[in-house]
Amino acid sequence: MSVQLAQISALLDSEHIAETARQLSLDVSEESELPFLQAAGSTYIQAVPGSGKTSLLGLKISALLQRWPSARQGLCVLSHTNVAWEEIVGRVGAIPGLSARLQTAPHFVGTIQSFVNGFLAAPWLNARGHAVASVNDSVFEAMAKRDLGGWQYATARNYLERRRYGIGNLSFVHSGGRLVVDTDAFGLQPQSKSGAQLVALKESLAAKGCFRYNDMFEAADAYLTTHPSVVSAIRHRFPLVFVDECQDTSSEQLALLEKIFGMNGEVGVQWIGDANQAIYGYHTSPNMSRLPLIQLGSSRRFGTEIAAIASPLMVEKPQQLVGGGEPGRVVVIKYDEKSVHSVVARFRELAASESPAPGSEICVLGSRWFPGSSQKFPQSLACYSPSLTRAPSTLGSSWDFLYDAQASWRRGDRFREVHRLLMSSIWQYGQAAHLNPPADVSSSTLLVAAHADAEELRPSLNILLVQLLSGDLQTSDSRRHIAVTLDSACELLGFKGSPDIVSTAWEPKVGSAFLDPTGVVDVVVKTVHAAKGETHFATLLVDCLDGTGKKYDLSHVWPLLSGAAKLSALPPKGRTAVKLAFVAATRPMRLLAFACHADRLTISDTDLVKSGWEIVDVRAPI
């Protein structure tokens, strides 16, 4: 039996949706929600932050899975990160049996990258004798740097060094149904000596199964070109496709997805996201712009106060943002050069006054971590807290990373994040102990680059990592035992030399958190990019220099909030700054604060108060 879009529509009657919502304990009373839940054809769903789009998507998928009539055709659910699709699986899993069903053929749930790899790129490469072992830009760069040191690549190595090109971008491109090495990106002809050596290096890594992410898209495109019938097969297999967080789709991904699934209505492709949160670059097409538009414009995350601030900042898809959550507060914190270090402490007091529940996310956000070469102050998150500017080669940094790893482990974060923090802790220990690291290796590529046969050392390494995660950081004696474990991990991972004796002195104050002595409120510091998709109890956005290094982010925001400027007049860097401000402004449930230098605040106190802002001035009295 072949599943058609008309049949899918019949599976989504209002009574079945209501029953599935009851099973999931979801309220679907908003008028705008039912059109999305019942849509079967290609649609663009513009969902504001806090609209519950992930819950609604989980509800829709659950309703479909319970009635799905085919064992040969299935749903295709695509997102950009493992965290995102795993969250969808978690929502579906609230109904017993559905989580496993979604993750089993004929259905597919995963990232766009994994879909392209599994259905197109890897089969095409395997058929040409390239067994795919790794698809990762960082791993590729580390292995390319290592191999580039060989004598056979000396001419290319010298060429790259003279022109300061990085080898990490060495890629394949699809040409005439085959993959060729893109030497043009390095200003080289493939037949030149340096070009030929780069071709040989790339092909050598491909023979080992080591590829960049974009290589897989080029391989997939080659497969579609040489075997056009695969398009019909995939379209038959997946009559309904969901693309979650579609605003983060790259131009390459978008072009490939349109080629695979088409936009002519044969397959129902439902693009779900918020263009106003497209902080990685907004990509659309004329075909997508002609799709029926469904707007989920009501947020249950915050109330009218925060919604009123966020609405004028909707750059790509302006709409009236409705705040359907609890009442909140919006605060401007004014400071000067002498009082900038008081901003976060004052924000913490404001958040504490709202009586947050234990474990509530209270975050300080900014567009950049550290200052650049400009003489302006403050420039970045680090300028608001000196604790963020820690020396990269001190043992204190090793303890800081280990502290973060243990906290991440206790929170139940994905192990790849815990693993990254542990590798950073080991790396910093090696630096402090003056050990020699493996050649051309950074902390982010330490495991794979140091050992091609990582599987052989992983059991031993895992024992050490567990010891690090369970170690007690509170006393000097216990940290001495941890230092022995760190030394063993360095030796296992290929560090050379005899370790110097290192100090175990450490204050439990990590660079990414301000720890309240009362234990009531922990304020976490991160970039806006890192906070995307999160829900906070309270959020502070601190003013940072924009991408030009000449203007501040909030200098683009205040004119929009006062009505003195229009979105259409924003320069490109201004649009980016405003989108970052929108993402930050839509994180909190109860308290939103902007921190701005008093001299750069272009709205009068009177107008701020009229617009609903509270004003907190941390400057010393005159």
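Residues numbered from 1 in each chain as written. Predicted model: local features only at pLDDT ≥ 70, side-chain atom pairs only at ≥ 80, totals over all residues. Heavy atoms only, no water.

A. Fine view of the overall build of the protein. Within the protein one finds 26 helices and 19 strands. A buried classification covers 52% of the 622 residues belonging to the protein. For the protein, the exposed area adds up to about 26,900 Å²; of that, 52% sits on carbon and sulfur atoms. (Helix = DSSP H or I, 4+ residues; strand = E, 2+ residues; numbered from the N terminus. Buried < 20%, exposed > 50% of the residue type's maximum accessible area, 1.4 Å probe, protein only. Areas by Shrake-Rupley, 256 points an atom, 1.4 Å probe, with all protein chains shown as cover.)

B. Seen up close, the pattern of salt bridges. For the coordinates displayed, the defined rule picks out 25 salt bridges. A salt bridge links K53 to D244; the nearest nitrogen and oxygen atoms lie 2.7 Å apart. Highlighted residues: K53 in helix α4 (residues 53-67) and D244 in strand β8 (residues 240-244), separated in sequence by 191 residues. Of the two residues, K53 and D244, both sit in the buried class. With its nearest N and O atoms 3.1 Å apart, the salt bridge here joins E354 to R590. A residue pair is termed long-range when its members are at least 10 positions apart, and E354 in the loop between α16 (343-352) and β14 (362-366) and R590 in strand β18 (residues 588-597) qualify at 236 residues. Through salt bridges that share partners, K53, D244, E245, D248 and K532 make up one connected network. (Salt bridge = Lys/Arg side-chain N within 4 Å of Asp/Glu carboxyl O.)

C. Layout of the pairing of strand β10 (residues 293-296). Along β10, the buried face is formed by I294 and L296; none of L293 and Q295, which line the opposite face, is buried. By the bridge criterion, four bridges tie strand β1 (residues 43-47) to β10 in an arrangement that is parallel. Each residue of the ladder has a partner; that of Q46, found in β10, is Q295. (Pairing = 2+ DSSP bridges.)

D. How the structure looks around the packing of helix α9 (residues 154-163) against helix α10 (residues 193-207). Viewed as axis vectors pointing N to C, α9 and α10 meet at an angle of 105°, and their least axial separation amounts to 8 Å. In terms of orientation, α9 and α10 fall into the roughly perpendicular class. Where α9 approaches α10, its residues A154, T155, A156, Y159 and L160 are matched on the opposing element by K193, S194, Q197 and L198. Split by residue class, the contact of α9 with α10 holds five nonpolar, three polar and one charged. (Axes fitted to C-alpha atoms, helices over the stretch in contact; angles between N-to-C directions. Parallel < 35°, antiparallel > 145°, perpendicular 65-115°, else oblique. Contact = heavy atoms within 4.5 Å. Nonpolar A, V, L, I, M, F, W, Y, C, P; charged D, E, K, R; others polar.)

E. Seen up close, the nonpolar core. Formed by 60 residues in total, the largest nonpolar core has its most connected members in L78, F115, V241, F261 and W271. With sequence-adjacent residues up to four places away left out, L78 is seen in contact with F108, G110, T111, I112, F115, V241, F242, V243, D244, L257 and F261. (Core = buried A, V, L, I, M, F, W, Y, C linked by side-chain atoms within 4.5 Å.)

F. The environment of L402, seen in detail. Tracing the backbone shows L402 in helix α18 (residues 395-411). Separated by 19 residues in the primary sequence, L402 and L421 have C-alpha atoms spaced 6.6 Å apart. The contact partners of L402, leaving out residues within four places of it in the chain, are L422, S425, L468, L473 and I482.

G. The arrangement of the packing of aromatic side chains in detail. Tallied over the entire structure, the rule returns 14 aromatic pairs. With centroids separated by 5.9 Å and ring planes inclined at 65°, the aromatic side chains of W427 and F495 adopt a geometry described as edge-to-face. In this pair, W427 is assigned in helix α19 (residues 415-432) and F495 in the loop between α22 (476-492) and β15 (513-515), connecting sequence segments 68 residues apart. The residues W427 and F495 share a single accessibility class, namely buried. Ring pairing ties together the aromatic residues F108, F115, F119, F238 and F261, which thus form one cluster. The ring of F172 has K202 sitting right over it, with the charged end atom 4.9 Å from the ring centre. (Phe/Tyr/Trp six-rings, centres within 6.5 Å; stacked < 30°, edge-to-face > 60°. Lys NZ or Arg CZ within 6 Å of the ring centre and 35° of its normal.)

H. The arrangement of unusual backbone geometry in detail. For the bond running from A105 to P106, omega is 15°, close enough to zero to count as cis. Take P106: it is sitting in the loop between α6 (98-102) and β3 (108-111). With omega at -10°, the peptide bond leading from F377 into P378 counts as cis. By secondary structure assignment, the location of P378 is in the loop between β14 and α17 (381-384). Phi angles above zero are rare outside glycine, and S355 is one such case at about 55°. For S355, a relative accessible area of 60% gives the class exposed.

I. Highlighting the sheet that holds strand β2 (residues 75-79). Pairing within the open sheet is parallel, and its six strands lie in the order β3-β2-β8-β9-β1-β10. With partners counted over all chains shown, the strands left at the sheet margins are β3 and β10, one partner each. Strand-to-strand twist across the sheet, computed as the mean angle between neighbouring axes with direction ignored, equals 15°. Where β2 and β8 come together, four bridges link them in parallel fashion. When the sheet's bridge partners are listed, C76 is paired in β8 with V241. The strands that α4 touches are β1, β2, β8, β9 (268-273) and β10; relative to β8, the one it contacts most, it runs at about 160°.

J. Looking closely at the pairing of strand β6 (residues 178-181). Only one face of β6 is covered, namely the face carrying L179 and V181; the face carrying R178 and V180 is uncovered. Strand direction decides the pairing type here: strand β5 (residues 172-175) and β6, joined by four bridges, are antiparallel. For V173, the partnering residue across the bridge sits in β6 and is V180. A loop of two residues connects β5 with β6, the two strands running antiparallel in sequence, and G176 in this loop sits at a positive phi of about 60°.

K. Layout of the packing of helix α24 (residues 553-562) against helix α25 (residues 572-585). The N-to-C vectors of α24 and α25 enclose an angle of 80°; their axes lie 8 Å apart at closest approach. Taken together, the axis directions place α24 and α25 in an arrangement best described as roughly perpendicular. Between α24, through D553, H556, V557 and L560, and α25, the contact on the second element is made entirely by G574, A577, V578 and A581. Along the lines of polarity and charge, the residues of the contact of α24 with α25 split into five nonpolar, two polar and one charged.

L. Spatial organisation of the side chain of Q247. With respect to the element layout, Q247 can be found in the loop between β8 and α13 (251-261). Within the local environment of Q247, its side chain forms a polar contact with the side chain of E245, the two groups lying 2.6 Å apart. In this structure the side chain of Q247 is engaged in a polar contact, spanning 2.9 Å, whose partner is the backbone nitrogen of D274. (Polar contact = N/O pair within 3.5 Å; in protein donor to acceptor, adjacent residues only side chain to side chain.)

M. Quick look at the environment of N436. As for its placement among the helices and strands, N436 is situated in the loop between α19 and α20 (446-450). What makes N436 partly exposed here is its relative accessible area of 48%. Once residues within four sequence positions are removed from consideration, N436 is found in contact with G494, F495 and K496.

N. View of helix α7 (residues 112-127). Helix length check: α7 (16 residues) gives 22 Å between terminal C-alpha atoms against 22 Å at 1.5 Å per residue, within 8%. All of the buried residues in α7 are I112, Q113, F115, V116, N117, L120, A121, A122, W124 and L125. Phi for G129, located one or two positions after α7, is positive at around 85°. (Expected span 1.5 Å × (residues − 1).)

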